Amino acid sequence: MGWKRMFSRKKLPPFPHDFWLEEMEQARGDAEALIVPQQYEGKLKYLFFPGCQLGASDPRYPQAVYQLLCQVEPATAMWLSCCGAPSYWVGEIEQYRAVQNALHQQWEQLGKPTLVLACMSCKKIIDYVLPDVQPVTVYEILAAADDLSLPIYEGMPELALADPCMARDETAVRKAVCTLLERMRVPYHILHEDMHTLPCCGFGGNIEGPNLAAAQAAAKAHISSEPRPYLAYCVNCRDVFAGAGKESLHILDLVTGLNGLERPTPHLSLRRDNRRLAKALALGKEKEECLGIKLVMDDEVAQMMDDSLISADHVRRLIARAEQSGMKFIDEAGINIAHLPLCGVTIWAEYRPLGERTYQLLSVYFHRMERVEGPPADGERVSGE
Amino acid sequence: MKETKDIIIGHTRSICPVCGRQLPAQRVRHGEDIFLEKSCPEHGDFSTVIWRGRLSISSWMCGNEPLGDDYNPNCPYDCGLCQHHLTDTCCVLYEVTRRCNLHCSFCFAEGGAGDDIPLAKIKEDILALTRPGKTFLQLSGGEPTVRDDLPEIVAYAKNVGCKYLQLNSNGIRLAEDEAYVAALAEAGLSFVFMQFDGTRDDIYRKLRGKPLLELKKQAIANCAKYRIGVTLVPTLVPRVNTDDIGNIVRFGISQVPAVRGVHFQPISYFGRYPAPPANEDRYTLAELVADLGRQTNGLVNITNIAPSHCDHPLCGFHSSFIAMEDGRFIALTKPDSEGCCCGVTTAEQNREYIGRRWTRSQEEEVTAAPAAQYVAGEPDDLDDFLRQAKTRSFTVTAMAFQDAYNLDIERIRRCSLHVYEDGKFMPFCARYLTLGGTE
Amino acid sequence: MERKIICALCGKSLEMTETFFDYYGHHLHKDLPCCPSCGQVYVSKELAEGKMRNTEAELEDK
């Protein structure tokens, strides 16, 4: 594939592709958590693996769904991590295989419990690379649990069931989602009957970075001819549709009662923080502890960060560097301005210290041209023969 | 003495130039040159040179997927476009007339006489082929400027949403009728693709039947006055103008910003041509790249030329430069040492690339005396570079059309230059394919 | 510059100084505000999202 070769020959700039690899590394790094109920150690039946985006979208999801699963089967553990899909999508095959191998090892160490997934991309990759694992989805488990009491929704408008593209040919999963909807008395209509050709929402491949227009066009095409609100069972789809202006629910919103139709799409730049909060909730810790430098910003600035693929972590590193070294500028209003050189991009931020390791972020911007120390060596300035 | 062995370097499919049936074909290396070879059970063996010289064809074609099994056994006769076609439309070519004001010895469209196509039919077709905000339409013929209503056609096409409008023309009327040029500009014409075979009149006499150089220069001047960009398009014929390549490029650069670039078209044998071609009557892309380097003293050379990515790499190349006012010629295309630039480009990216570079900027240009000489250079002051980059772009591009002798199915299924006719889109080389070669 | 910016480290006003950039193998320069003491260079949002972005687009070619 041309793009794999491109990246390996350093033809592709690292930015913005690195953004997604960093997301994955964070999901497997400081947001990683394995919760095993002590009394079931060595005797686990289920290992709930929500994937890297569920908690990134709403930090309450993983713990809420885990608790439901524990009602169905107490011998259930939860592992917050990532299956490696971002590295696969960017062509870092070695890395993605390493992630999958680590996943397999952990699953073996825990006694090979049934892997319970919430994300169909995770399922596609694990089915393909680790055929002995044979994961199932949380939707099938919950649908089969006749004794589990689920909320009943009266007067819910009819929803359009939007299967994720990764659910192609996964008829059992769709059936499970429909069963859950029926049990909760939610009227629905399947948007795209043919499971061979389920359309894409535009998230897959992380194409938003290199080609935002294509990603947006895919989302727009998906929602354009359907007036009803959407019901998704992929959290990325849900967030993409919400971002494109379509009222969207995730099936887990209905099952847990966590969110309604109006939830906007969470900021891309804040997803790493959400994962940390999801971990804190799962470990029963105080929310605030986990975040280090605290950033305060309004929605417009968060959007600026999203559009530039700059995460809150990048800004924290920038501020930490500026505060430690003193290398920053200041204007008459007391606004600090500093930069952070990264590979292939330089990020700038304007901020105001608010005390107690808290900073108000006012603006972010970047440039790809790299500042260098001096002119090129003599003779290079005008190249010739 | 080195032993020259015939080596098959690739497999594809082609057609018999006599009867047109689809045949398996091989790309075969004999010595330094590469030939497309095929064998018709009825009409015998055919061997056509497709690559001459030391430039590595495998480096040029890096990243290209070979034909494989998934091709249309009826290609190119199922055109319009069949499901095996790989590339979306980058540009649409549409004939507005069969008439012409020249009678050239070489003509892909066999232009000449005939009744004119009714304007209503043209409008109907343009409406049908246009994807609003996206379409790059080339008005062709015959010679489109024989039509007095061409400005009306241009205005209509713009109105229904064509994003870029190109006129393919010999430039004669553009030289002789300034009011007509003004009307085309007013109607929204984006740029002119002007036949320009060389910097000497003996070339025009041989290829077009009369001296045309002064008219060409006048056409450029008139288009410049109304800010319509002009791209010079030489048809390269061995022993006629292949020694003039360097001069053509230098002339083009001297006319920046009126001239936006040069688009070389090695001669191809379809439509009307004086006699069935021998291999010595062919001029390959590889030779063009080498001659460009030699004849421009390295100003345009393999280090700044990139093979086609939207179309098949054997279909052409592109390179972009900024011709700065002070004589620096800055290369923007920088493929790596293997001649490979990047992966596949979409039709839309390709369309935007050429659309932007061939359109003359409407921004204020500093009028400076043209530099006496251009040498390879580098950008320097950022503000100055940016100001000039917007107005002084110069592209050197090429397209190698296919004929029945060298038709390659692997290439044609990636074609993004589509002719629109009777509701169908067809790759250019399929539409103008002419059979009936000698056995 | 309407906005008055000083170097927070040195407390000095900035002076326009020739600054060099690399991109895609090309080298360019522009005079930018710079601290005369520690040498740190200020790039404004307007510059980054304006001329620098446009220059990057030109040099990226496609």
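Here the structure is a predicted model, which means the values were calculated and not measured.

### Section: the pairing of strand 14 (residues 320–323) of chain B
Residues and elements named next belong to chain B.
Right, so step 1: What you see with strand 14 is no split at all: Ser320 and Ile322 on one side and Phe321 and Ala323 on the other are buried throughout.
Right, so step 2: By the bridge criterion, 3 bridges tie strand 14 to strand 17 (residues 393–399) in an arrangement that is antiparallel. Paired with phenylalanine 321 across the strands is phenylalanine 394, a residue of strand 17.
Right, so step 3: Here strand 14 pairs with strand 15 (residues 328–331) via 3 bridges, running antiparallel. When the sheet's bridge partners are listed, alanine 323 is paired in strand 15 with phenylalanine 329.

### A short note on the environment of tyrosine 230 of chain A
Residues and elements named next belong to chain A.
Right, so step 1: Here tyrosine 230 is to be found in strand 8 (residues 230–232).
Right, so step 2: On the accessibility criterion, tyrosine 230 (0% relative accessible area) is buried.
Right, so step 3: Remark: the alpha-carbon pair of tyrosine 230 and glutamate 158, spanning 72 residues in sequence, is separated by 9.0 Å.
Right, so step 4: Dropping the residues within four chain positions of it, tyrosine 230 is found in contact with Ala160, Ala162, Leu191, His222, Ile223, Phe241, Lys246, Glu247, Ser248 and Leu249.
Right, so step 5: Separated by 2.7 Å, the side chain of tyrosine 230 and the backbone oxygen of histidine 222 make a polar contact.

### Focus on the sheet that holds strand 11 (residues 329–331) of chain A
The pairing of strands in a sheet happens through backbone hydrogen bonds and is either parallel or antiparallel.
Right, so step 1: The 6 strands lie next to each other as 10(A)-14(A)-13(A)-12(A)-11(A)-1(C), forming an open sheet whose pairing is mixed. Both outer strands of the open sheet, strand 10 (294–296) of chain A together with strand 1 (5–7) of chain C, are each paired with one neighbouring strand and no more. Across the sheet, the mean angle from the axis of one strand to that of its neighbour is 40 degrees, orientation sign disregarded.
Right, so step 2: Pairing of strand 10 of chain A with strand 14 (residues 358–367) of chain A, which is carried by 3 bridges, proceeds in the parallel orientation. The partner of lysine 294 of chain A across the bridge, within strand 14 of chain A, is threonine 358 of chain A.

### What to know about the interface of chain A and chain C
One frequently used descriptor of interface size is the decrease in accessible area upon assembly of the parts.
Right, so step 1: Taken together, the contact between chain A and chain C spans 29 residues of the former and 32 residues of the latter.
Right, so step 2: Across the chain A to chain C interface the summed buried area is about 2800 Å²; carbon plus sulfur atoms make up 61%.
Right, so step 3: Here chain A and chain C share 4 salt bridges between them.
Right, so step 4: Arginine 368 of chain A is the partner of glutamate 56 of chain C in a salt bridge, and the nearest nitrogen-oxygen pair spans 3.9 Å.
Right, so step 5: Between chain A and chain C we count 14 residue pairs in polar contact (both at pLDDT 80 or more) in total.
Right, so step 6: Counting residues per element, the ones that place at least two in the side of chain A that touches chain C are strand 11, strand 13 (345–355), strand 14 and strand 15 (370–372) of chain A.
Right, so step 7: The dominant element in the side of chain A that touches chain C, judged by the number of residues it contributes, is strand 14 of chain A, at 5 residues.
Right, so step 8: For the side of chain A that touches chain C, the residue count by class is 14 nonpolar, 5 polar and 10 charged.
Right, so step 9: Relative to strand 2 (residues 15–23) of chain C, strand 15 of chain A runs antiparallel, the two sharing 3 bridges. Following the sheet pairing, glutamate 370 of chain A is matched in strand 2 of chain C by aspartate 22 of chain C.

The rules behind these values
Residues numbered from 1 in each chain as written. Chains lettered and ligands numbered in written order. Predicted model: local features only at pLDDT ≥ 70, side-chain atom pairs only at ≥ 80, totals over all residues. Heavy atoms only, no water. Buried < 20%, exposed > 50% of the residue type's maximum accessible area, 1.4 Å probe, protein only. Helix = DSSP H or I, 4+ residues; strand = E, 2+ residues; numbered from the N terminus. Pairing = 2+ DSSP bridges. Contact = heavy atoms within 4.5 Å. Polar contact = N/O pair within 3.5 Å; in protein donor to acceptor, adjacent residues only side chain to side chain. Axes fitted to C-alpha atoms, helices over the stretch in contact; angles between N-to-C directions. Buried area = accessible area lost by both parts, 1.4 Å probe. Salt bridge = Lys/Arg side-chain N within 4 Å of Asp/Glu carboxyl O. Nonpolar A, V, L, I, M, F, W, Y, C, P; charged D, E, K, R; others polar.

The analysis is restricted to geometry; functional conclusions fall outside its scope.
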